[in-house]
Amino acid sequence: MLRFLLQRLLATIPVLLVVAVVVFLILRLTPGDPAAVIAGNNSTNEDIEKIRETLGLSKPLLAQFWIWFSNVLQGDLGYSFYLNKPVTELIAQRLEPTLSLAVGTLLLAVLVAVPLGTIAAWRMGGWLDRILSGFSVAGFSIPVFVTGYLLIYVFAVQLEWFPVQGYRRLFGSDGQGLWPWARQLVLPWFTLAMIYVALIARVTRASVSEALTEDYIRTARAKGLAESAVLMRHALANAAVPIVTVIGIGVALLIGGVVVTETVYSIPGLGSLTVDAVLNRDFPVIQGLVLFFSLLYVGVNLLVDVSYLFLDPRIRY
């Protein structure tokens, strides 16, 4: 297992290198000049050129990449063009809201979707199974921002149960406690969890329904085991690998969903930082965020691969 972990960790190096090169080239080759954005509408060509010199954008493309990449290898992601702050500092400041939103969404989706999909597979063709099918179609079809604005209108504007927008910190000197933090995130959690509940529940239903047709299930029932034990200890346990796989794959979708959800609810996280950086053509911030999200996704997939060893002992790396 240690050898497998080392191999996977080494395999992340070329992946991150390719990501770094592709993102760097895309940002430099797409239309738009960060210097012109910083200078403003009333600036002259001389003003823009001075800003380009200051930011290092007038150097050859290869020289720009080498300077940036050599700094990245030393843990320095550069300075924001627009905010004039270290990118690592900006990411650290915005990390808590994004982690709160993402982790809460995953926990909510798993706690709802896995039991729902298991029961739907157990009662395949019943009313719960039909409701789940309809909910899955709706969850995949309705955009995240539509769900967000609908929940805001009903539960924040009309019923006034939850705040409309914003974020209250849980940790740090300005932390405001558990309930204010959770109350602010209830609507964002449900908004973002809709698509993941639909995805995980459908995969759980398919995996458990397939497991229920196996011979060991008939043997367990013939031995007189309770139906709950058959579902949990045999069917769901043997269907866990594809369920965990789709949860890991869903992290990629979660990253995109975080960007939209944070924008809708005005949450000062990495998603809103990404939007601001793209609008301002803030190259160092965009590159740093893409590398951070890529590293996070690779790490989650590594954890998923390692979990296979515990979920199914027949798997050996």
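Thresholds applied
- Residues numbered from 1 in each chain as written.
- Predicted model: local features only at pLDDT ≥ 70, side-chain atom pairs only at ≥ 80, totals over all residues.
- Heavy atoms only, no water.
- Axes fitted to C-alpha atoms, helices over the stretch in contact; angles between N-to-C directions.
- Helix = DSSP H or I, 4+ residues; strand = E, 2+ residues; numbered from the N terminus.
- Parallel < 35°, antiparallel > 145°, perpendicular 65-115°, else oblique.
- Contact = heavy atoms within 4.5 Å.
- Nonpolar A, V, L, I, M, F, W, Y, C, P; charged D, E, K, R; others polar.
- Expected span 1.5 Å × (residues − 1).
- Bend = angle between axes of the 7 residues up to and from the residue.
- Buried < 20%, exposed > 50% of the residue type's maximum accessible area, 1.4 Å probe, protein only.
- 1 Å grid on protein atoms, 1.4 Å probe; cavity = no way out; pocket = protein on both sides within 12 Å on 5 of 7 lines; lining within 4 Å.
- Points joined across faces, edges and corners; volume = space filled by probe spheres on them.
- Core = buried A, V, L, I, M, F, W, Y, C linked by side-chain atoms within 4.5 Å.
- Left-handed = near helix turned anticlockwise from the far one by under 90°.
- Phe/Tyr/Trp six-rings, centres within 6.5 Å; stacked < 30°, edge-to-face > 60°.

A. Here's a closer look at the packing of helix 11 (residues 240-264) against helix 13 (residues 283-311). Viewed as axis vectors pointing N to C, helix 11 and helix 13 meet at an angle of 175°, and their least axial separation amounts to 10 Å. The orientation of helix 11 relative to helix 13 falls into the category roughly antiparallel. Counting all contacts with helix 11, which are made through Ala-240, Val-241, Val-244, Thr-245, Gly-248, Ile-249, Val-251, Ala-252 and Ile-255, the residues of helix 13 involved are Phe-293, Tyr-297, Val-300, Val-304, Ser-307, Tyr-308 and Leu-311. Broken down by class, the residue content of the contact of helix 11 with helix 13 amounts to 13 nonpolar, three polar and no charged.

B. Region of interest: the side chain of Asp-282. Its place among the elements puts Asp-282 in the loop between helix 12 (270-279) and helix 13. Beyond its immediate chain neighbours, meaning those up to four positions away, Asp-282 contacts Ser-80, Phe-81, Tyr-82, Leu-83 and Ala-277.

C. Looking closely at helix 7 (residues 144-158). Look at helix 7: 20 Å from first C-alpha to last across 15 residues, which is about the 21 Å you get at 1.5 Å a residue. Remark: the principal bend of helix 7, roughly 30°, maps to Ile-152. Three or more residues of helix 7 are buried, namely Thr-147, Gly-148, Leu-151, Ile-152 and Ala-156. On its buried face, helix 7 sits against helix 8 (178-211) and helix 11. Positive phi shows up at Glu-160, right after helix 7, with a value of about 60°.

D. View of the layout of surface pockets. As a volume, the largest pocket reaches approximately 430 Å³. Around the largest pocket, the lining comprises 19 residues; the ones closest to its centre are Leu-55, Ile-67, Tyr-79, Phe-81 and Pro-284. Elements that contribute at least two residues to the lining of the largest pocket include exactly helix 3 (45-55), helix 4 (61-73) and helix 13. Ranked by the residues each element gives to the lining of the largest pocket, the list is headed by helix 4, at four residues. Per-class residue counts for the lining of the largest pocket are eight nonpolar, eight polar and three charged. Of the voids in this model, the second largest pocket is the one considered here, and its volume is about 290 Å³. Forming the walls of the second largest pocket are 15 residues, and the residues nearest its centre are Leu-16, Val-72, Leu-77, Leu-291 and Leu-295. Every element with two or more residues in the lining of the second largest pocket is listed here: helix 1 (2-29), helix 4 and helix 13.

E. Representation of the nonpolar core. Judged by nonpolar contacts, the single largest core of 43 residues is most densely connected at Ile-200, Val-208 and Tyr-265. Considering each element in turn, this core owes the most residues, 15 residues, to helix 8. Apart from residues no more than four positions distant in its own chain, Ile-200 is found in contact with Ala-109, Val-110, Ala-113, Val-114, Ile-243, Val-246 and Ile-247. Leu-77, Ile-91, Ala-277 and Phe-283 belong to the second largest nonpolar core, which has 24 residues in total.

F. How the structure looks around the packing of helix 5 (residues 87-122) against helix 13. The interhelical angle for the contact between helix 5 and helix 13, taken along N-to-C directions, is 55°, at an axis separation of 10 Å. Considering the angle they form, helix 5 stands oblique to helix 13. In the packing of helix 5 onto helix 13, the handedness of the crossing is right-handed. Mapping the contact onto sequence places Val-87, Leu-90, Ile-91 and Leu-95 in helix 5 and Pro-284, Val-285, Gly-288, Leu-289 and Phe-292 in helix 13.

G. Structural view of the environment of Gly-40. Relative to the assigned elements, Gly-40 resides in the loop between helix 2 (34-39) and helix 3. In sequence terms Gly-40 and Thr-88 are 48 residues apart; their C-alpha atoms lie 26 Å from each other.

H. Geometry of the packing of aromatic side chains. By the definition in use, this model includes eight aromatic pairs. Note on Phe-155 and Trp-161: the rings are 5.8 Å apart at their centroids and 40° apart in plane angle, and the pair reads as tilted.

I. Focus on empty space enclosed by the protein. Following the criterion strictly, the structure yields two cavities of 30 Å³ or more and no others. Its volume calculated, the largest cavity comes out at about 60 Å³. Residue lining of the largest cavity: Ala-138, Gly-139, Ile-142, Pro-143, Val-144, Thr-147, Thr-191, Met-194 and Ile-195, and that is the complete set. Of all the elements in the fold, those that place two or more residues in the lining of the largest cavity are helix 6 (127-141), helix 7 and helix 8.

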